[in-house]
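Residue-level listing of the chains:
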Amino acid sequence: QVQLTESGGGLVQAGDSLSLSCAASGLTFSRYTMGWFRQAPGKEREFVASISETGSSTYYSDSVKGRFTISRDNAKSTVWLQMNSLKPEDTAVYYCAKKNLLTRRYDYWGQGTQVTVSS
């Protein structure tokens, strides 16, 4: 079965950097667009970034554009989220997800990793 496992979260100070990784198994990783989402306490889950199957196309939410970078290595079935210039408002649980080829909706999610940015 499809499994997505995030790691790399932690407690950092504002202005610091953090790199999240998501290891995928149980799927042909190179066939799927992958995304990162986040959910802050009391808020709905929101889109952060996505990357196409080959990595040639990336998309970011306005709130992270210029600070976060999504990348992938299909040989390692892994997608990363490099987060720079972190702000307290980036505090959230971060999830990686796989996009369904047919519905174009994200249908598998990891368990999430906590990122906390102190001011």
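Everything below is about the structure shown above.
Residues numbered from 1 in each chain as written. Predicted model: local features only at pLDDT ≥ 70, side-chain atom pairs only at ≥ 80, totals over all residues. Heavy atoms only, no water.

A closer look at the state of the cysteines
As a reminder, the rule being used: When two cysteine sulfur atoms are found within 2.5 Å, that pair is recorded as a disulfide. Counting from the N terminus, the helices are DSSP H or I runs at least four residues long and the strands are E runs at least two residues long. Exposed residues in this analysis have more than 50% of their type's maximum accessible area, buried residues have under 20%, and partly exposed residues fall in between, with area computed by a 1.4 Å probe over protein chains only.
Here the structure, examined in full by the defined rule, presents one disulfide. Note that Cys 22 is cross-linked by a disulfide to Cys 96, the S-S spacing being 1.9 Å. Between Cys 22 and Cys 96, the S-S dihedral sits near 45°, and the bridge is therefore right-handed. In this pair, Cys 22 is assigned in strand β3 (residues 18-25) and Cys 96 in strand β9 (residues 92-99), connecting sequence segments 74 residues apart. Like Cys 96, Cys 22 is buried.

Some thoughts on the pairing of strand β8 (residues 78-83)
Put simply, the test is: For two strands to count as paired, DSSP must find a minimum of two bridges between them.
Direction of pairing for β3 relative to β8: antiparallel, over a ladder of six bridges. Opposite Cys 22, over in β8, you have Val 79 as the bridge partner. Taken together, the six bridges between strand β7 (residues 68-73) and β8 define a ladder with antiparallel strand orientation. Looking at the pairing, Arg 72 lines up with Val 79 of β8. As consecutive antiparallel partners, β7 and β8 are separated by four residues, and within that stretch Ser 77 has a phi angle of approximately 50°, a positive value.

Here we look at the pattern of salt bridges
Here is the rule: The term salt bridge refers to a side-chain nitrogen of Lys or Arg lying within 4 Å of a carboxyl oxygen of Asp or Glu.
Under the criterion given, the structure shown has five salt bridges. Note that Asp 90 is salt-bridged to Arg 38, the shortest N-O span being 2.9 Å. Pair noted here: Asp 90 is in the loop between β8 and β9 and Arg 38 is in strand β4 (residues 34-39), with a separation of 52 residues, a long-range link. Judged by its relative accessible area of 1%, Asp 90 is buried.

Re the pairing of β4
For β4, the buried fraction is high: five of the six residues fall into the buried class. Sheet topology places β4 next to strand β5 (residues 46-51); five bridges connect them, and they run antiparallel. Among the inter-strand pairings, Arg 38 is bridged to a residue of β5, identified as Glu 46. Between the antiparallel neighbours β4 and β5 lie six residues, among them Gly 42 with a positive phi of about 75°. As judged from the six bridges shared by β4 and β9, these two strands associate in the antiparallel manner. For Trp 36, the partnering residue across the bridge sits in β9 and is Cys 96.

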